[in-house]
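Topology and contacts: notes
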Amino acid sequence: MRQSLVIGNWKMHGSRASVASLLEGLLGAEPASGVEVAVCPTYLHLDQVLQGCAGSGISVGAQDCSHAQSGAYTGEVAAEMLADIGCTWVILGHSERRQYHAETDALVGAKLSAAIEAGLKPVLCVGETRQQREGGEANAVVAAQLAGALADQAQLDGLVIAYEPVWAIGTGLTATPEQAQEMHAFIRGELAQAAGVDAQKTRILYGGSVKPGNAAELFDCADIDGALVGGAALVAEDFMSIAGAAIG
Ligand code: 13P
């Protein structure tokens, strides 16, 4: 039995004031029991969010980390630093990193190794573009992203995968539950062939325009174990309602 997991990716949003008010909403809401809940603010707001969430049952993560442990990498943040301040999670290989920062599967794989080494729980994002889906390449693209990042990993216990079709991110278009389930089952099949991964234990989250109105039907699918939520994670009531839909 895989415990449901709902993670909010706050992307590049927030000020100290807006983060304080979002935290107030999240912590004031009925705690979602039976589902694991996490939030991933910007690096700058991590400390504020870690302090705010202490003892609340909401865990905290970052949206990226460096592939390197330390050194002359201007602007980068090491996985070890994130673990040191109390982060639990790190999102890796998000399509926005792949698109705007030219992250390759090999780089994502190196970040994954760094995260695991530091004791962080990685959330590895995969997903195809609209053009790739229309060209019938969705499965091949996702399989290559998984193979590229998972090759040569020493230890993958606790790995979380997020399937985020690029065409569904921030667009209001959601994969239908059937489309999402089909890809999640495909991903689980690929994981079963990867060394060091227990495919049945690995949680596979769906991401892409998840809202309170569509969360329940997605979570009803056998291979969808939760969600990675963007826009709706910035509204406490919506995020907690999505988390509530994941219970069970
Ligand atoms: P939206 O929920 O805003 O579509 O974003 C999804 C996402 O990219 C989460 O990582």
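Structure: above.
Presented here is an overview of the structure given in this document. (Residues numbered from 1 in each chain as written. Predicted model: local features only at pLDDT ≥ 70, side-chain atom pairs only at ≥ 80, totals over all residues. Heavy atoms only, no water.)

1. What about the pattern of salt bridges?
Under the criterion given, the structure shown has 13 salt bridges. The salt bridge partner of Arg188 is Asp223, with a shortest N-O separation of 2.6 Å. Of this pair, Arg188 sits in helix H8 (residues 177–193) while Asp223 sits in the loop between helix H9 (212–219) and strand S8 (226–229); the two residues are 35 residues apart in sequence, bridging distant segments of the chain. Owing to a relative accessible area of 5%, Arg188 belongs among the buried residues under this scheme. Between Asp225 and Arg188 there is a salt bridge, and its shortest N-O distance comes to 2.9 Å. Of the two residues, Asp225 sits in the loop between H9 and S8 while Arg188 sits in helix H8, which places them 37 residues apart along the sequence. Judged by its relative accessible area of 7%, Asp225 falls in the buried class. Each of Arg2, Arg188, Asp223 and Asp225 takes part in one network of salt bridges that share partners. (Salt bridge = Lys/Arg side-chain N within 4 Å of Asp/Glu carboxyl O. Helix = DSSP H or I, 4+ residues; strand = E, 2+ residues; numbered from the N terminus. Buried < 20%, exposed > 50% of the residue type's maximum accessible area, 1.4 Å probe, protein only.)

2. Digging into helix H7 (residues 138–150)
For H7, with 13 residues, the first-to-last C-alpha span of 18 Å sits near the 18 Å given by 1.5 Å per residue. Among the residues making up H7, those that are buried are Ala138, Val141, Val142, Ala143, Gln145, Leu146, Ala149 and Leu150. Lining the buried residues of H7 we find helix H4 (95–100), helix H5 (105–118), strand S5 (121–126), helix H6 (130–134), strand S6 (160–163) and H8. Immediately downstream of H7, the backbone of Asp152 shows phi near 60 degrees, a positive value. (Expected span 1.5 Å × (residues − 1). Contact = heavy atoms within 4.5 Å.)

3. Side note on the site of the ligand
Inspection of the region around the ligand gives Asn9, Lys11, His94, Glu164, Ala168, Ile169, Gly170, Gly208, Ser209, Leu228, Gly230 and Gly231 as its neighbouring residues. Taking Gly231, its main chain carries an N or O atom lying 2.8 Å from an oxygen atom of the ligand. Expressed as a share of its isolated accessible area of 300 Å², the protein-covered part of the ligand is 96%. The residue inventory of the shell around the ligand, partitioned by class, reads three nonpolar, seven polar and two charged. (Near = heavy atom within 4 Å. Polar contact = N/O pair within 3.5 Å; in protein donor to acceptor, adjacent residues only side chain to side chain. Areas by Shrake-Rupley, 256 points an atom, 1.4 Å probe, with all protein chains shown as cover. Nonpolar A, V, L, I, M, F, W, Y, C, P; charged D, E, K, R; others polar.)

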